[in-house]
Amino acid sequence: MGNSESTLMSEINRPLEQADPEIAEAIRLDVERQNHKILLIASENYVSKAVMEATGSVLTNKYAEGYPLKRYYGGCENADTVETIAIERAKELFGAEHANVQPHAGSQANMAAYFAFLKPGDRILAMELAHGGHLTHGSPVNFSGTLYQSCAYGVDPETELLDYDKIQQLAEECRPKAIMTGATVYPRYIDFARFRKIADSVGAVLLADIAHTAGLVAAGEHPSPVPYCDAVTFTTHKTLRGPRSGIVLCKAEHAKAIDRAVFPGLQGGPLVHVIAAKAVCLKEAMQPSFKDYQRQVKLNARALAEELANRGIRLVSGGTDTHLMLVDLTPLGITGKAAQEALDEVGIVANKNMIPFDTQKPMVTSGIRIGVPCVTTRGMKEPEMAKIADLIMRCVTNLGDSAAEVAVRESVAREARALADAFPVYPV
Ligand code: DSN
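Below, the structure is looked at part by part. Quantities reported herein were computed from a predicted structural model and do not represent experimental measurements.

Topic: the overall build of the protein chain
Part 1: Scanning the protein chain from terminus to terminus reveals 17 helices and 15 strands.
Part 2: Rg of the C-alpha trace for the protein chain: 23 Å, near the compact-globule value of 22 Å for 428 residues, within the 12% margin.
Part 3: If one aligns the C-alpha atoms of the protein chain with their principal axes, the spans along those axes are about 70 × 70 × 40 Å.
Part 4: Within the protein chain, residue pairs in contact and separated by at least 24 positions form 73% of the contacts whose partners lie at least 6 positions apart.
Part 5: Across the protein chain, the centroid of the 44 positively charged side chains sits 3 Å from that of the 51 negatively charged ones.

Structural data, given as structure tokens:
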């Protein structure tokens with residue numbers, strides 16, 4: 001072997017901290033952040049080492065355009081194995097007739113569902129972004145709102161729950177070609193059977209985006225949309241605790257249309273390393289311990305919601321059935337932005353969020369969204385939820401610059417760090 005070849009090989013096999021110390025350091029700092037802070041972002045989780053190993057594997061080198069046994073490249077035998085396993089696991093876990101595991105993310109999964117059933121200019125009925133929907137549910141700043149006409153349903157101003165009679169009425173008025181259900185911040189169960197009836201009454205296709213609740217659905221802890229919907233989309237990195245990616249499930253009769261929409265319709269080469277990681281997370285989700293985890297997610301969310309309410313916090317819709325809750329900060333006279341920033345400083349990470357009928361701008365907001373998937377993965381249970389409620393309350397009611405308020409926040413920061421460190425996640 002010549003000198004330059006051996007230099008190249010040693011470069012290829014160099015560990016990250018030698019090859020790129022700046023990036024290695026940023027990653028190290030984020031391991032610290034994830035270990036030492038209390039993460040309450042409802043759409044995040046801590047994946048297993050097995051999921052990370054698959055994501056970081058040599059499968060990233062492989063082009064595998066097409067589908068198992070129907071590829072445009074040679075050398076796809078291991079990619080075929082990986083993708084076939086992922087497909088079969090997704091079908092088994094969710095009781096679906098067909099699965100496409102290639103979407104790179106949730107947005108592409110939703111795009112594939114629209115492409116499979118709609119033509120540009122067709123109408124979608126979906127949940128209003130400001131009431132808890134998603135950009136890809138017809139927002140005017142997203143492809144879904146520019147490529148398609150959209151009309152939106154929201155929550156009832158009194159109950160802050162979906163009003164299915166109102167949705168039926170809206171469907172009759174706007175005659176959508178597709179109805180999209182699902183949300184990024186709706187703390188209550190969604191009645192997919194009722195949505196099916198609404199869709200049938202106006203001849204619409206029914207889609208569900210269960211990005212947030214996929215893990216709960218897989219574990220039987222949230223009603224499943226699969227029996228009722230023509231297609232179901234989700235991301236794999238939220239409650240499902242897998243790599244950042246997406247999946248589409250559908251009825252067998254729509255399999256071809258969905259597959260064609262993903263490839264060649266939307267994407268080129270699939271991310272085989274991420275598909276491998278999806279297969280790993282789907283296997284993890286089939287284990288009894290995953291069901292226990294999702295049960296605890298719900299118990300923790302309920303406990304945290306109750307503890308916050310007991311301390312005088314108003315929760316949108318009064319509580320939660322799922323992994324998340326939406327805090328209305330208006331009665332406290334503070335914004336979501338101020339609360340998010342103060343909480344981050346004391347080591348508690350959540351996101352500002354619009355509440356239904358919010359009068360603040362999206363970058364300010366009147367609410368914060370709080371989710372428990374991360375803290376539940378690290379082993380916290382109901383007693384820790386009481387502690388977290390106490391820390392949040394002490395922080396958001398002491399946002400000023402007085403010595404007393406600063407002292408409260410300093411002690412909250414110490415206690416938050418101690419709580420996080422009592423439940424270690426990733427070894428360093
Ligand atoms: N950004 C995701 C969330 O936080 O809910 C939705 O895509």
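Structural notes on the state of the cysteines
In protein structure, a disulfide is the covalent linkage between the sulfur atoms of two cysteines.
Part 1: Throughout the structure, instances matching the rule amount to 1 disulfide.
Part 2: Among the cysteines around Cys374, which has no disulfide bond, Cys281 carries the closest sulfur, lying 15 Å off.
Part 3: Judged by its relative accessible area of 1%, Cys374 is buried.
Part 4: The thiol of Cys395 is not disulfide-bonded; the next cysteine sulfur, from Cys374, is found 18 Å away.
Part 5: What makes Cys395 buried here is its relative accessible area of 0%.

Quick look at the pairing of strand 9 (residues 231-235)
Part 1: With 5 of its 5 residues buried, strand 9 lies for the most part within the structure.
Part 2: Of the two faces of strand 9, the one carrying Ala231, Thr233 and Thr235 and the one carrying Val232 and Phe234 are both buried.
Part 3: When strand 9 meets strand 10 (residues 246-250), the two strands line up antiparallel, connected through 5 bridges. Paired with Thr233 across the two strands is Val248, which belongs to strand 10.

Thoughts on the pairing of strand 10
Part 1: The buried fraction of strand 10 amounts to 5 of the 5 residues, a majority that puts the element mostly inside the structure.
Part 2: Every second residue of strand 10 is oriented toward a common face, with Gly246, Val248 and Cys250 on one face and Ile247 and Leu249 on the other, all of them buried.
Part 3: With 3 bridges joining them, strand 4 (residues 98-100) and strand 10 adopt antiparallel strand pairing. Bridge pairing in strand 10 places Ala99 opposite Leu249.

Observations concerning the sheet that holds strand 10
Part 1: On the basis of which strands lie adjacent, the open sheet formed by 7 strands has the order 4-10-9-8-7-5-6 and mixed pairing. Across the chains shown, the open sheet's two edge strands, defined by having one partner strand only, are strand 4 and strand 6 (149-153). Adjacent strand axes in the sheet meet at a mean angle of 20° when their direction is disregarded.

Focus on empty space enclosed by the protein
Part 1: For the coordinates displayed, the defined rule picks out 1 cavity of 30 Å³ or more.
Part 2: Quantified by volume, the largest cavity comes out at close to 90 Å³.
Part 3: Together, 13 residues line the largest cavity, and Ala183, Tyr186, Ile190, His212 and Thr213 are the ones closest to its centre.
Part 4: Of the residues assigned to the lining of the largest cavity, the class counts are 6 nonpolar, 5 polar and 2 charged.

Observations regarding the site of the ligand
Part 1: Every residue near the ligand is listed here: Ser43, His134, Thr184, His212, Lys238 and Arg369.
Part 2: A distance of 2.7 Å is found between an oxygen atom of the ligand and a side-chain nitrogen or oxygen belonging to Ser43.
Part 3: Separating an oxygen atom of the ligand from a side-chain N or O atom of His212 is a distance of 2.7 Å.
Part 4: Relative to its unbound accessible surface of 240 Å², the ligand loses 62% to contact with the protein.
Part 5: Cavity membership is defined here by more than half of the atoms lying within 2 Å of grid points; on that basis the ligand lies in the second largest pocket.
Part 6: Of the residues in the shell around the ligand, the class split is no nonpolar, 4 polar and 2 charged.

Some details on the packing of helix 14 (residues 336-345) against helix 16 (residues 382-396)
Part 1: Contact geometry for helix 14 and helix 16: axes closest at 10 Å, N-to-C directions at 120°. Comparing their axes, helix 16 and helix 14 come out oblique. The chirality of how helix 14 crosses helix 16 is right-handed. Mapping the contact onto sequence places Ala339, Ala342 and Leu343 in helix 14 and Ile392, Cys395 and Val396 in helix 16.
Part 2: In terms of residue class, the contact of helix 14 with helix 16 is built from 6 nonpolar, no polar and no charged.

Rules used in this analysis
Sequence order as written defines the numbering, with residues in each chain counted from 1. Two thresholds apply to this predicted model, a pLDDT of at least 70 for residue-level local features and 80 or more for giving and counting side-chain atom pairs, whereas whole-chain, interface and lining totals are computed over all residues. Computation of side-chain values: all heavy atoms of the structure, hydrogens and water removed. Under the DSSP-based scheme used, a helix requires at least four consecutive residues in state H or I and a strand at least two consecutive residues in state E, with every element numbered from the N terminus. Computation of the radius of gyration draws on C-alpha atoms alone. For the globule rule, the value is 2.2 Å times the number of residues to the power 0.38. Should any heavy atoms of two residues lie within 4.5 Å, those residues are counted as being in contact. Only four residue types enter the charge count, namely Lys and Arg as positive and Asp and Glu as negative; His and the chain termini do not. Positions of charges follow a simple convention, taking NZ of Lys, CZ of Arg, CG of Asp or CD of Glu. The disulfide criterion used throughout: a pair of cysteine sulfur atoms within 2.5 Å. Only protein chains enter the area calculation, which uses a 1.4 Å probe; residues under 20% of their type maximum are buried, those over 50% are exposed, and those in between are partly exposed. Whether two strands pair depends on DSSP finding at least two bridges between them. An axis is simply a line fitted to the C-alpha atoms; with a helix, the fit covers only the stretch in contact. Between two such axes, the angle follows the N-to-C directions and lies from 0 to 180 degrees. Using protein atoms alone on a 1 Å grid, points that fit a 1.4 Å probe yet trap it form a cavity, whereas open point sets bounded by protein on both sides within 12 Å along at least five of seven lines form a pocket; residues with an atom within 4 Å of a point count as lining. Grid points are joined across faces, edges and corners, and a volume is the space filled by probe spheres set on the points. Three classes are used: nonpolar for Ala, Val, Leu, Ile, Met, Phe, Trp, Tyr, Cys and Pro, charged for Asp, Glu, Lys and Arg, and polar for all others, with Gly counted as polar. Near, as used in this document, describes a residue that has one of its heavy atoms within 4 Å of the molecule or strand being considered. Whenever a nitrogen or oxygen atom comes within 3.5 Å of another N or O atom, the pair is scored as a polar contact, on the condition that within protein one atom can donate a hydrogen and the other can accept it, and that pairs from neighbouring residues in sequence are kept only if both atoms are in side chains. We get accessible surface area from the Shrake-Rupley algorithm with a probe of 1.4 Å; when it comes to residues, only the shown protein chains can shield them. A molecule is counted as occupying a cavity or pocket when more than half of its atoms fall within 2 Å of that pocket's grid points. Each angle gets one of four labels, with under 35 degrees taken as roughly parallel, over 145 as roughly antiparallel, 65 to 115 as roughly perpendicular, and the rest as oblique. Two helices that cross are described as forming a left-handed crossing if the nearer one is turned anticlockwise from the farther one by less than a right angle, and a right-handed crossing if clockwise.

These figures capture arrangement, not role.
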